Amino acid sequence: MHRRRRRIALAVSSAALLAATPLLTACGNDARPGAAAVVGGDRITVAQLEGRVAEVRDAQRAASADEAQYAQAIAATGGLSRDTLHTLVLDRVVHRAAADAGVRVTRKQVQGVRSGLEQQAGGAKQLEAAWLQQYSVAPARVDEALRTEIEAQELAKRLGADMNTSAGQATFWKALSDASKALNIDLNPRYGTWDVDKSRRADAKTPWIREVTSAGDKQA
């Protein structure tokens, strides 16, 4: 399971949350220059995606004691661009599913949860450092990430989905699947495809790679 998907699944089932590049020429079948994805008719541009990735890289560099440690951080998050796009799209899916269910999250709720998590972590900086390391969330984006987590948790409650059971999880992820379908998500092939049934990004299949490899093996 994708790390971002796993984070949401943990968030909605954990009481701790409450306690505490060049322009691309196409996106899918529709020509949308510069788009990394189109969600509900709204474009997530390549520039926006690269900006988010840069935020994480800058934060990782600032948190690293030296170049060797920074290199380790980069190696541990080698798929950051695709993971970040997954997060950007999934955030919109969760928001749509929550809105469809009548869920609204206030800034006061976000601040309340953050305050509890900061106490558990030992302070704001410690919380930001933990989310950067575990989830590749830049410090300035923690509130946004928390809002999505709370939306997911409140959505599960509204659906009556017990996330400690397989039936509850199925109910929750079906709501996200329905939202994915409604949003008509279209990823630029460079970043893979969006699996509407599982509400996650999937790597595009490239059978031509195997064909070329097999041909090379035969020639050899």
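Further up the page is the structure itself.
Residues numbered from 1 in each chain as written. Predicted model: local features only at pLDDT ≥ 70, side-chain atom pairs only at ≥ 80, totals over all residues. Heavy atoms only, no water.

Engineer: Help me out: how do you make sense of unusual backbone geometry in this one?
Structural biologist: Leaving glycine aside, a negative phi is the common case for residues, and trans is the common case for peptide bonds. Residues other than glycine seldom take positive phi values, yet Asn184 does so here, at roughly 50°. One non-glycine residue, Ser199, lies in the positive phi region at around 50°. Assignment of secondary structure puts Ser199 in the loop between strand E4 (193-195) and strand E5 (200-202). (Helix = DSSP H or I, 4+ residues; strand = E, 2+ residues; numbered from the N terminus.)

Engineer: Would you mind showing me how to read the sheet that holds strand E3 (residues 186-187) here?
Structural biologist: Backbone-to-backbone hydrogen bonds join strands into a sheet, with any given pair of strands oriented parallel or antiparallel. An order of E2-E1-E3 is seen for the three strands of this open sheet, with the pairing classed as antiparallel. The sheet is open, and its two borders are formed by strand E2 (42-45) and E3, each paired with just one other strand. Against the sheet, helix H5 (residues 80-100) engages strand E1 (35-39), E2 and E3, with an angle of about 15° to E1. (Pairing = 2+ DSSP bridges. Contact = heavy atoms within 4.5 Å. Axes fitted to C-alpha atoms, helices over the stretch in contact; angles between N-to-C directions.)

Engineer: Honestly, the nonpolar core in this entry has me stumped. Any pointers?
Structural biologist: If you look at the biggest cluster of nonpolar residues, it comprises 33 residues, and the most contacted ones within it are Leu85, Val89, Val93, Phe172, Leu176 and Ile185. Elements represented by at least two residues in this core include exactly E1, helix H3 (46-63), H5, helix H8 (142-159) and helix H9 (166-183). When residues of this core are assigned to their parent elements, the largest contribution, eight residues, is made by H5. When neighbours within four sequence positions are excluded, Ile185 is seen to be in contact with Val38, Val39, Val89, Val93, Ser180 and Trp194. In this structure, Val103, Val105, Val113 and Ala145 belong to the second largest nonpolar core, which totals 13 residues. (Core = buried A, V, L, I, M, F, W, Y, C linked by side-chain atoms within 4.5 Å. Buried < 20%, exposed > 50% of the residue type's maximum accessible area, 1.4 Å probe, protein only.)

Engineer: Help me out: how do you make sense of the pattern of salt bridges in this one?
Structural biologist: Side chains that carry opposite charge are capable of pairing whenever their charged atoms lie near each other. Under the definition given, this model contains 12 salt bridges. The closest approach of N and O atoms between Asp100 and Arg96, which form a salt bridge, is 3.1 Å. Taken together, the positions of Asp100 and Arg96, both in helix H5 and four residues apart, correspond to about one turn of that helix. With a closest N to O distance of 2.8 Å, Arg201 and Asp203 form a salt bridge. Several salt bridges share partner residues, and in doing so they unite Arg52, Glu55, Arg141 and Glu144 into one network. (Salt bridge = Lys/Arg side-chain N within 4 Å of Asp/Glu carboxyl O.)

Treat this as a map of the structure, not an account of what it does.
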